[in-house]
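Structural overview
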Amino acid sequence: MRTRTPFTCTVVLVAASLLGAAGCAGNDPSGDAAADTAPRTVKPVAGCGAGGWTDPSDLAPDRKPARCVKGAPAPQPLAKKRKITVATGTLSAEYVAPLQVAVAKGEFAKEGLDVSLKVLPTPDALPLLAKGDVDAQWAAPEAAVMNGINGGFAIKWVAGNFSPDPTSKSGLWVRLKEGESADHVDMAGRKLGTMIGKGSVIAYPMDTSLKKHGGGLDRISFQQLGSADVLTALQNGGVDSAWLLDPIWRKVDGDKKYAFLGGQPVGEPLGGLLFGPNLLNKDPDAGVAFLRAYIRTVNTYFAGDYKSDPAFVAELAGLMKTDEATLRSTPSMRMDWEIRKGTTDRLQKAYADSGVSTGDPVPEDKAVDRAMYGEAVGHKP
């Protein structure tokens, strides 16, 4: 009899919760889960122009992310103020900083939005998003999300978050055996320590890196560890390899006992904003307003090397409740609100390889909506 891994069980349980939520949404007489097919007017946006949109099929590592001028797109306050709750797994990670800055600097308030950030584990937040109990989630199109969409509920990935700086070494690290080097490592049969299960978006870059070295998600074993334990397990031999995040990888960088095998693709965000039925269908004006404030925050505060500004680093450290030295120890992220073409297809291939997906692959147009951030920057399809 086949034994389920803890990761598989987690994905199945979350998917079951989501499917239940989808059923409730489908019976909601308010019609929040039904698609709003009314065409929306897209007007040019001052300060955004051609630079505010890039071709989604451009996957070049040196692709410059879309940018508008500082302060753009300008606020367009809603006629009636709207409260929005955004679920996020953490407030201490750097990739969440644009949301925190948007709240602190009043960018959401300028749109007539009262935004609260609520820390919730992803498995707890997804059913709430599907039911409309929270409006948005700062997460990723993970396996449980795709399985839930297959079940018929209204959740879409509507904006990206970041891609790593080319010099970042956040990703897959291995402790080298005798005779091995970074160019020649046999990963088959190794034990990998990670906070992230097979159903996470990190499965995609992880699978790519493993296959370059004779591995693959189906040829290694996983050990789920707490964030403080991953590095310790790698160093003391509890695991052979580990997925190390910023800035933890700095602890082994330069040590010849370890090698970096690869990380998230440069130029391709793997997460960001998920909208549920409230902002997708019931109140898309508020959804576009939210994205407008988020995009304006990126253009105003995160457009380039934001860590070159000591005062801003100090402000970020305060918001994230971390020390400035830790924040400065890694390069600035490339904050990027756009979603690349085919990302959800590549993610689902990794989920299938690891055995955590159910049903047929979800077509991109059922999982991704670029129209809302396109409207925010004035891009007509």
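Quantities reported herein were computed from a predicted structural model and do not represent experimental measurements.

The helix and strand tally for the protein stands at 13 helices and 12 strands. Counting over 381 residues, the protein shows a buried share of 52%. For the protein, the proportion of contacts with a sequence separation of at least 24, taken over those separated by at least 6, is 83%. Summed over all atoms, the accessible surface of the protein reaches about 16500 Å², with 53% contributed by carbon and sulfur.

One finds Leu-273, Phe-275, Phe-290, Leu-291, Tyr-294, Phe-302 and Trp-337 to be the most contacted residues of the largest nonpolar core, which totals 91 residues. The element that contributes the greatest number of residues to this core is helix H8 (residues 284-301), accounting for 9 residues. Formed by 12 residues, the second largest nonpolar core is a distinct cluster that contains Trp-173, Leu-225, Val-239 and Ala-242.

Before going further, it helps to spend a moment on the packing of aromatic side chains. Summed over all chains, the structure comprises 10 aromatic pairs. Ring geometry for Trp-53 versus Tyr-373: centroids 5.5 Å apart, planes at 35°, classification tilted. Of the two residues, Trp-53 sits in the loop between helix H1 (6-26) and strand S1 (82-88) while Tyr-373 sits in helix H13 (residues 371-377), which places them 320 residues apart along the sequence. Pair check on accessibility: Trp-53 and Tyr-373 agree, each one buried. A centroid spacing of 5.9 Å and a plane angle of 20° characterise the contact between Tyr-95 and Phe-162, whose relative ring orientation is stacked. Taken as a pair, Tyr-95 in the loop between S1 and helix H2 (97-104) and Phe-162 in strand S5 (residues 162-163) lie far apart in primary sequence, 67 residues in all. Through a chain of ring-to-ring contacts, three or more aromatic side chains come together here, namely Tyr-301, Phe-302, Tyr-306 and Phe-312.

Another point: the state of the cysteines. All told, the structure shown has 1 disulfide when counted by the stated rule. Here Cys-48 pairs with Cys-68 through a disulfide, and the sulfurs are 2.2 Å apart. Around the S-S axis, the bridge from Cys-48 to Cys-68 shows a dihedral of about 100° and counts as right-handed. Residue Cys-48 is located in the loop between H1 and S1, and its partner Cys-68 is located in the loop between H1 and S1; the two are separated by 20 residues in the primary sequence. Judged by its relative accessible area of 6%, Cys-48 falls in the buried class.

Per-residue confidence for the protein gives a mean pLDDT of 88; residues scoring 70 or more make up 90%. Low pLDDT (under 50) marks residues 1-36, which in the prediction has 49 contacts with non-local residues, meaning those over four places away or in another chain.

Contact pair H2 / H8: the axes reach a minimum separation of 9 Å and the direction vectors enclose 100°. Comparing their axes, H8 and H2 come out roughly perpendicular. Across from Pro-98, Leu-99, Val-101 and Ala-102 in H2, the residues of H8 making contact are Phe-290, Tyr-294, Thr-297 and Tyr-301. Per-class residue counts for the contact of H2 with H8 are 7 nonpolar, 1 polar and no charged.

Take the sheet that holds S1 next. The sheet built from 5 strands is open, its strands ordered S2-S1-S3-S11-S4 with mixed pairing. With partners counted over all chains shown, the strands left at the sheet margins are strand S2 (113-119) and strand S4 (156-160), one partner each. Adjacent strand axes in the sheet meet at a mean angle of 30° when their direction is disregarded. Sheet topology note: the strand S3 (residues 136-139)/strand S11 (residues 272-275) ladder contains 4 bridges and is antiparallel. Note on S11: the bridge partner recorded for Gln-137 is Leu-274. Along the sheet, H8 makes contact with S1, S2, S3, S4 and S11, crossing S11 at roughly 170°.

Moving on, we get to the side chain of Lys-307. The topology assignment puts Lys-307 in the loop between H8 and helix H9 (310-320). The class for Lys-307 is buried, based on a relative accessible area of 11%. With residues up to four places along the chain from it excluded, the contact list for Lys-307 reads Glu-94, Val-313, Leu-327, Thr-330, Pro-331 and Ser-332.

Attention now goes to the environment of Pro-77. Counting through the fold element by element, Pro-77 comes out in the loop between H1 and S1. Distance in space between the C-alpha atoms of Pro-77 and Phe-108 is 9.4 Å, their sequence separation being 31 residues. In this structure, Pro-77 is in contact with Lys-110, Glu-111 and Gly-112, ignoring residues within four places of it in sequence.

Conventions and cut-offs
- Residues numbered from 1 in each chain as written.
- Predicted model: local features only at pLDDT ≥ 70, side-chain atom pairs only at ≥ 80, totals over all residues.
- Heavy atoms only, no water.
- Helix = DSSP H or I, 4+ residues; strand = E, 2+ residues; numbered from the N terminus.
- Buried < 20%, exposed > 50% of the residue type's maximum accessible area, 1.4 Å probe, protein only.
- Contact = heavy atoms within 4.5 Å.
- Areas by Shrake-Rupley, 256 points an atom, 1.4 Å probe, with all protein chains shown as cover.
- Core = buried A, V, L, I, M, F, W, Y, C linked by side-chain atoms within 4.5 Å.
- Phe/Tyr/Trp six-rings, centres within 6.5 Å; stacked < 30°, edge-to-face > 60°.
- Disulfide = S-S within 2.5 Å.
- pLDDT = per-residue confidence, 0-100.
- Axes fitted to C-alpha atoms, helices over the stretch in contact; angles between N-to-C directions.
- Parallel < 35°, antiparallel > 145°, perpendicular 65-115°, else oblique.
- Nonpolar A, V, L, I, M, F, W, Y, C, P; charged D, E, K, R; others polar.
- Pairing = 2+ DSSP bridges.

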